[in-house]
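# Summary of structural features
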Amino acid sequence: QQAPPLSCTVNFKLKNDQTQPGDTVLAIGSVPEMGKWKAPGALKFSTGAGLFPIWNSKVNLKPGTEIEFKFVMQRSSGDLQWENGDNRKVKVGEAHGMTVEGAFGQGGLK
């Protein structure tokens, strides 16, 4: 029997068509890899001409870790626009990888 992996790659896929050129999308959350609720250490997302409005990011976390987070738009001016609603919650699986999908401002995850 194989030992469980030491880390799980969590792939985030976010639909957000509310951004303007120069804006960035972040996930700010409860674990150090997501900034401990502070923007400077947040998980940054990227998109491109062929991907927009889908933004992607990934982070390695310990299996079994429970995280709470919110998606945040960082405007080109530096202002932060947090999504409304409750914090999103995910428990990191025991597999080597998992994907978390959501839409900005719409609760729930896939």
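The structure this text deals with has already been given above.
Right, let's walk through the structure included here. A quick note: this is a predicted structure, and the numbers were derived from the prediction, not measured.

To continue, consider the sheet that holds strand β1 (residues 8-15). With mixed pairing, three strands are arranged side by side in an open sheet as β4-β1-β8. Both outer strands of the open sheet, β4 (54-61) and β8 (97-103), are each paired with one neighbouring strand and no more. Within this sheet the neighbouring strands show an average axis-to-axis angle of 20°, counted without direction. One ladder, built from eight bridges, connects β1 with β4; its direction is antiparallel. Of the residues in β4, the one forming a bridge with Phe12 is Ser57.

Most peptide bonds adopt trans geometry, and most residues besides glycine take a negative phi value. The step from Phe52 to Pro53 runs through a cis peptide bond, and the omega angle for that step is 15°. As for its position among the elements, Pro53 is in the loop between β3 (43-44) and β4. Even without being glycine, Lys36 reaches a positive phi, approximately 50°. You can see Lys36 is positioned in the loop between β2 (24-29) and β3.

Counting 22 residues, the largest nonpolar core has Val10, Phe12, Met34, Phe45, Ile67, Phe69 and Phe71 as the members making the most contacts within it. At the level of elements, β1, β2, β4, β5 (66-74) and β8 are the ones that each hand at least two residues to this core. If we ignore the near neighbours within four places in the chain, the residues touching Phe69 are Phe12, Ala27, Ile28, Gly29, Met34, Trp37, Asn87, Arg88, Val90 and Leu109.

Within the secondary structure layout, Met34 lies in the loop between β2 and β3. Counting along the chain gives ten residues from Met34 to Lys44, while the straight-line C-alpha distance between them is 8.8 Å.

Bringing the environment of Leu109 into the picture now. Along the chain, the position of Leu109 falls in the segment after β8. Measuring from C-alpha to C-alpha, the distance between Leu109 and Gly48 comes to 22 Å, with 61 residues separating the pair along the chain. The contact partners of Leu109, leaving out residues within four places of it in the chain, are Phe69, Arg88, Lys89, Val90, Val100, Glu101 and Gly102.

This paragraph deals with the environment of Lys70. For Lys70, the location among the structural elements is in strand β5. With a relative accessible area of 10%, Lys70 lands in the buried category. Distance in space between the C-alpha atoms of Lys70 and Trp37 is 9.0 Å, their sequence separation being 33 residues. Residues in contact with Lys70, not counting those within four places in the same chain, are Leu26, Ala27, Ile28, Trp37, Trp82, Glu83, Asn84, Gly85, Asp86 and Asn87. Polar contacts involving the side chain of Lys70 include one to the main-chain carbonyl oxygen of Gly85, which spans 2.2 Å.

Conventions adopted
Residues numbered from 1 in each chain as written. Predicted model: local features only at pLDDT ≥ 70, side-chain atom pairs only at ≥ 80, totals over all residues. Heavy atoms only, no water. Pairing = 2+ DSSP bridges. Helix = DSSP H or I, 4+ residues; strand = E, 2+ residues; numbered from the N terminus. Axes fitted to C-alpha atoms, helices over the stretch in contact; angles between N-to-C directions. Core = buried A, V, L, I, M, F, W, Y, C linked by side-chain atoms within 4.5 Å. Buried < 20%, exposed > 50% of the residue type's maximum accessible area, 1.4 Å probe, protein only. Contact = heavy atoms within 4.5 Å. Polar contact = N/O pair within 3.5 Å; in protein donor to acceptor, adjacent residues only side chain to side chain.

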